[in-house]
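Per-entry structural report
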Amino acid sequence: MNKGARGSLLDIEHLEAPEILKILRSARRMNPQRPRPLLRGKRVILLFYEPSTRTRSSFEVAAKSMGAMTVLVQSSGSSIEKGESLLDTGYTLRSVGADIIVIRHPLAGAPRLMAEHLDIPIVNAGDGMHEHPSQGLLDAYTILKHKKAFKGLHISIIGDIFHSRVARSSCHLLTKLGAKITLCGPPEFVPEVAATLATGLQVTRHIEEAARGADVLMLLRVQKERLAGMKLRLEDYIARYQMTMHRLKMAKRDAIVMHPGPIIRGLELTGEVADSPQSAIVEEVRNGVPTRMAILARAVGRA
Amino acid sequence: MACRRAWRFWRARWEERKNRRRKCRDGTRSMARKMRALIRIVPERETRSYSSLRKVARAPKPRAESPKSKMPNNKSKPASLLIKGGHVIDPASKIDAPMDVLLRDGHVVEVTPPNKIRGSAEEKFDARGLIVAPGFIDLHVHLREPGQSYKETIASGTAAAAAGGFTSVCCMPNTSPVLDSQEWVNWVRQPERGAVVNVFPVAAATNGSKGAVLTDFRGLQRAGAVAVTDDGKPILDNDTMRECLRLSGELSFPVVQHAEDTRQTEGCPMNDGPTSFRLGLHGWKTSAESSIVDRDVQLAQRIPNSRLHVAHLSAADSLKAVRRGKRSRAHVTCEVTPHHFTLTDEAVGDYNTNCKMNPPLRSAADIESLIVALGDGTVDAIATDHAPHASHEKQVEFERAAFGITGLETALGLAITKLHRDHRLPLARIVELLTSGPARVFDLRGRGSLARGSFADVTIFDPKKRWTFDVSKSRSLSRNSPFDGWQLTGKAVATIVTGRIVHRDG
């Protein structure tokens, strides 16, 4: 099976552990204040079929600070609106002279489809409910800044795993690096089948169980519309799965709280947790830039 | 009228008794023992039919010619063809022995032990080392005409059928426009369409397959439709389905159900399971199929003489309902596709759109149940659900890709490789699933059998031939097959339609 051009980053699932560590090491060398011009003369096209703040801006900042020229193509106001297929859009951008395409798409597998048919590196910036590899990598980067190593770390992921591409990337990535992962949420969000995603995953329905003794607590955004569709009352969800200071205290004393954002205070976590010293939520966003610098540098083979 | 009813009654009783004999009552028996039991039955019957056949062979005069064979002969069509030296498997006449077959004027004239043929033939076919079977019948193909000739035409689709050993195909009505009128049924059957094999249209059950107003079943049946269906869509409404089955009972006209509760499957491109979770796709649960099969079987049990056929059955749970229906003597039949007994949903891998079909590929446990059901007689036919699509409909995001794969050319190879070689299903059973089984489901008289007087539709195949399927050499206009590059065992060597060789391998 065609895995795309060298330097493509389509998912974490097919990435080997040494490759992941290489990207993380490279990210640590990146300094957004004094960036090296690794992408000078390159054209990076940001193809966004979905709205995005964090991912788009940090990819753009990462690319520009390394000397690349960036072009943003969005689904509204482009030929995509006129019914151009994904592959034809890809061929068009390739002809325009793109060196790297960073793609965010609402349908799972879209970046892979592009990579199979184009000879330039494709970077997945989130596809449907499938994966969000750059977010997974920046989460790992953040964890590595706080903890010495991944081996033996106890990480709990709490919330809507089923609809979360971040959760899928994180599960693959952290198990590959040797962490122990517990998934926590109601059956609608964490079906039993979730445990088959990677080896050694555990599923629990009690947040206390997930929080107890954890090194890292990763929270996921919960959409109110989805709760309504699943006949789960919002109050019930909050009562059972919200991260509170009380529950945070059950975790290890040096545990950190992470969230890919955007956070909704009062739903998946309380305001106190979000602002507590253990919260690494803001830092995560900051770490997005060096991680994405490393990903783009790897795409052109200069990492 | 009374006479017809009586005849139908006795035939139904006879069929049902035959089914009961074959059916395995003890559900706990192991697969291997079931297979052994099946194998034991065949030789016993074969000796019995052998003597009766000899009588046939000695009959002084050949059967009076039917009016059909008096049609002006095609020049390339020999008036007679002798198939010599082959091993005949004809489950309808319980034959599984070396026999010679003589075809004349589009009909089977003699089936005798080797070198005992009395009549002479203008052409001979050397079938040494090959299996000679009645022509294969595919109950479920999409020929895409009228309206979608960029995917397939009746000519190209039937050419693919001939290459796969099929002499008759039943084409589905989800074309554009939908085959919901006598005019369109007639149009499909016209010789100008260039069909290479027999085409039996299946008409729409409701106008435009919209599920609301029933079509004119009587008229469609008169125009030559062999069944009705809204394939591609289910007949969801209880009252509509009840009315369909009531009419089907009156007219002895099968209703084919595409069992999918679309209320449960919206936005679901593949089976619910570890693979769908891994790929971040919404899962299509088996209950979306089995709930519809369940309801339909219940309706069929209540409506006298109604005939229900479940298309492309894929889930183990649906088999339970079918078994229950058969036990209660309702006329319930079902078909299974080669891809559903060969591939699991894991084959989707990383968004392989050639593994996207409706119903979706299921789990290994479902396959296991399907294979047991194929062996024990719960399943009546293997049907391909040949569904060609142009490349631009498949080279898109997985969720946007069209459902379906081509299947006519790989069906026999997959059946022999997977069912016979891997799971020890007897060859005679596989032939039955491709010939007499489907012929019974749609009442195709004179097809699916090599009995004297039946149509000279014959498939000659080599069950041991190993070959590699190359999709770029497919006769179909489309290339959407997940079996490209697969090593298969078993291939059609010659396909004979009404006495004329329409395909010859190599």
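Residues numbered from 1 in each chain as written. Chains lettered and ligands numbered in written order. Predicted model: local features only at pLDDT ≥ 70, side-chain atom pairs only at ≥ 80, totals over all residues.

**Points about the overall build of chain A**
Helix and strand content of chain A: 12 helices and nine strands. For a compact globule of 303 residues, the expected C-alpha radius of gyration is about 19 Å, and chain A comes in at 19 Å, within 12% of that figure. Long-range contacts, defined here as pairs at least 24 residues apart, represent 75% of the contacts in chain A between residues at least 6 apart. (Helix = DSSP H or I, 4+ residues; strand = E, 2+ residues; numbered from the N terminus. Rg over C-alpha atoms; globule rule 2.2 N^0.38 Å. Contact = placed C-beta atoms within 7 Å.)

**Examining the overall build of chain B**
A count of helices and strands for chain B gives 16 helices and 20 strands. Counting all 506 residues of chain B, 56% fall into the buried class. A sequence separation of at least 24 residues applies to 76% of the contacts in chain B between residues at least 6 apart. (Buried ≥ 20, exposed ≤ 12 C-beta atoms within 10 Å, placed from the backbone.)

**Looking at unusual backbone geometry**
That bond from glycine 261 of chain A to proline 262 of chain A is cis: its omega, -5°, falls within 30 degrees of zero. Along the chain, proline 262 of chain A falls in the loop between strand 9 (256-258) and helix 11 (271-275). Geometrically, the link from glutamate 145 of chain B to proline 146 of chain B is a cis peptide bond, its omega value of 5° lying close to zero. By secondary structure assignment, the location of proline 146 of chain B is in the loop between strand 8 (136-141) and helix 3 (154-163).

**Section: the domain arrangement of chain B**
All names here are of chain B. Here the domain parsing of chain B yields domain 1 (2-133) and domain 2 (135-504). Across the boundary between the two partners, domain 1 contributes 42 residues, which contact 37 residues of domain 2. The element contributing the most residues to the side of domain 1 that touches domain 2 is helix 2 (residues 31-58), with seven residues. Residue composition of the side of domain 1 that touches domain 2, by class: 24 nonpolar, seven polar and 11 charged. (Domains from an automatic or database assignment. Nonpolar A, V, L, I, M, F, W, Y, C, P; charged D, E, K, R; others polar.)

**Examining the sheet that holds strand 9 (residues 166-171) of chain B**
Residue and element names in this part refer to chain B. In spatial order, the strands read 8-9-10-11-12-15-16-17; together these eight strands make up an open sheet with parallel pairing. Pairing within the sheet leaves two strands with one partner each, and these edge strands are strand 8 and strand 17 (381-382). As paired strands, strand 8 and strand 9 are joined by four bridges and run parallel to one another. The residue of strand 9 that forms the bridge with isoleucine 137 is serine 168. The sheet strands contacting helix 6 (residues 238-251) are strand 11 (227-229), strand 12 (255-257) and strand 15 (307-310), and the helix crosses strand 12 at an angle near 145°. (Pairing = 2+ DSSP bridges. Axes fitted to C-alpha atoms, helices over the stretch in contact; angles between N-to-C directions.)

**Regarding helix 5 (residues 133-146) of chain A**
All names here are of chain A. Its 14 residues give helix 5 an end-to-end C-alpha distance of 20 Å, which sits within 8% of 20 Å, the value for a rise of 1.5 Å per residue. For helix 5, a buried count of 11 out of 14 residues is recorded, marking the element as mostly surrounded by other parts of the structure. When we look at burial in helix 5, the residues that qualify are Pro133, Ser134, Gln135, Gly136, Leu137, Leu138, Asp139, Ala140, Tyr141, Thr142 and Ile143. (Expected span 1.5 Å × (residues − 1).)

**A closer look at the interface of chain A and chain B**
Contact with chain A, which involves 19 residues of that partner, is made by 15 residues of chain B. Taken together, the elements giving at least two residues each to the side of chain A that touches chain B come down to helix 3 (86-96), helix 4 (110-117) and helix 6 (165-176) of chain A. Considering each element in turn, the side of chain A that touches chain B owes the most residues, three residues, to helix 4 of chain A. Of the residues belonging to the side of chain A that touches chain B, the class tally is 11 nonpolar, five polar and three charged.

**A short note on the environment of phenylalanine 217 of chain B**
Residue and element names in this part refer to chain B. Tracing the chain through its elements places phenylalanine 217 in helix 5 (residues 217-223). A residue is classified by how many C-beta atoms lie within 10 Å of it, and phenylalanine 217, with 21 of them, is buried. Sequence separation of phenylalanine 217 and leucine 251 is 34 residues, and the distance between their C-alpha atoms is 8.2 Å. Beyond its immediate chain neighbours, meaning those up to four positions away, phenylalanine 217 contacts Val228, Leu247, Leu251 and Phe253.

**Details of the sheet that holds strand 20 (residues 500-504) of chain B**
Residue and element names in this part refer to chain B. A sheet is described by the order of its strands in space; here six strands give the open sequence 3-2-7-18-19-20, paired in mixed fashion. Each edge of the open sheet is held by one strand with a lone partner, namely strand 3 (95-98) and strand 20. When strand polarity is set aside, the average angle formed by the axes of neighbouring strands in this sheet is 25°. Relative to strand 19 (residues 487-497), strand 18 (residues 458-468) is paired through eight bridges, and the arrangement is antiparallel. Paired with isoleucine 460 across the strands is alanine 494, a residue of strand 19. Against the sheet, helix 14 (residues 411-422) contacts strand 18 and strand 19, and its axis sits at roughly 130° relative to strand 19.

**A word on the environment of arginine 118 of chain B**
Within the element layout of this structure, arginine 118 of chain B appears in the loop between strand 5 (107-112) and strand 6 (123-126). With 26 residues separating them in the primary sequence, arginine 118 of chain B and arginine 144 of chain B have C-alpha atoms 45 Å apart.

**What to know about the domain arrangement of chain A**
Residue and element names in this part refer to chain A. With domains assigned, chain A is organised as domain 1 (17-131 + 287-299) and domain 2 (134-284). Look at where the C-alpha atoms of domain 1 and domain 2 centre, and you get two points 26 Å apart. With 19 residues of domain 1 at the interface, the matching set in domain 2 holds 17 residues. Going through the elements one at a time, helix 1 (17-29), helix 2 (54-65), strand 4 (122-127) and helix 12 (281-299) are the ones with two or more residues in the side of domain 1 that touches domain 2. Residues that form the side of domain 1 that touches domain 2 fall into these classes: eight nonpolar, seven polar and four charged.

**Some remarks on the confidence of the model for chain B**
Predicted coordinates in regions of low pLDDT should not be interpreted in detail. All names here are of chain B. Predicted confidence across chain B gives a mean pLDDT of 88, with 87% of residues reaching 70 or more. Scored below 50 in pLDDT, residues 24-29 shows four contacts in the model against residues more than four places distant or in partner chains. Here residues 37-75 is a poorly scored stretch, pLDDT under 50, and it has 33 contacts once near neighbours within four places are set aside; other chains count. Prediction confidence for the complex, expressed as pTM and ipTM, is 0.87 and 0.95 respectively. (pLDDT = per-residue confidence, 0-100.)

**A few points about the packing of helix 6 of chain B against helix 9 (residues 287-302) of chain B**
All names here are of chain B. Relative orientation of the contacting elements helix 6 and helix 9 amounts to 45°, with a least axis distance of 10 Å. As the angle between them shows, helix 6 and helix 9 are arranged oblique. Helix-helix and strand crossings are classified by hand; for helix 6 and helix 9 the assignment is right-handed. The segment helix 6 lies against helix 9, with Met241, Arg242 and Leu245 engaging Asp296, Leu299 and Ala300. Grouping the constituent residues of the contact of helix 6 with helix 9 by class yields four nonpolar, no polar and two charged. (Parallel < 35°, antiparallel > 145°, perpendicular 65-115°, else oblique. Left-handed = near helix turned anticlockwise from the far one by under 90°.)

**Notes on the environment of serine 26 of chain A**
With respect to the secondary-structure elements, serine 26 of chain A resides in helix 1. You can call serine 26 of chain A partly exposed: it has 18 C-beta atoms within 10 Å.

**A short note on the pairing of strand 3 of chain B**
The side chains of a regular strand alternate between both faces of the sheet. Residues and elements named next belong to chain B. Bridging between strand 2 (residues 87-90) and strand 3 involves four bridges; their strand directions are antiparallel. Counted as the bridge partner of aspartate 90 is isoleucine 95 from strand 3. The turn joining strand 2 and strand 3, which pair antiparallel and follow one another in sequence, is formed by four residues; a positive phi near 55° is taken by lysine 94.

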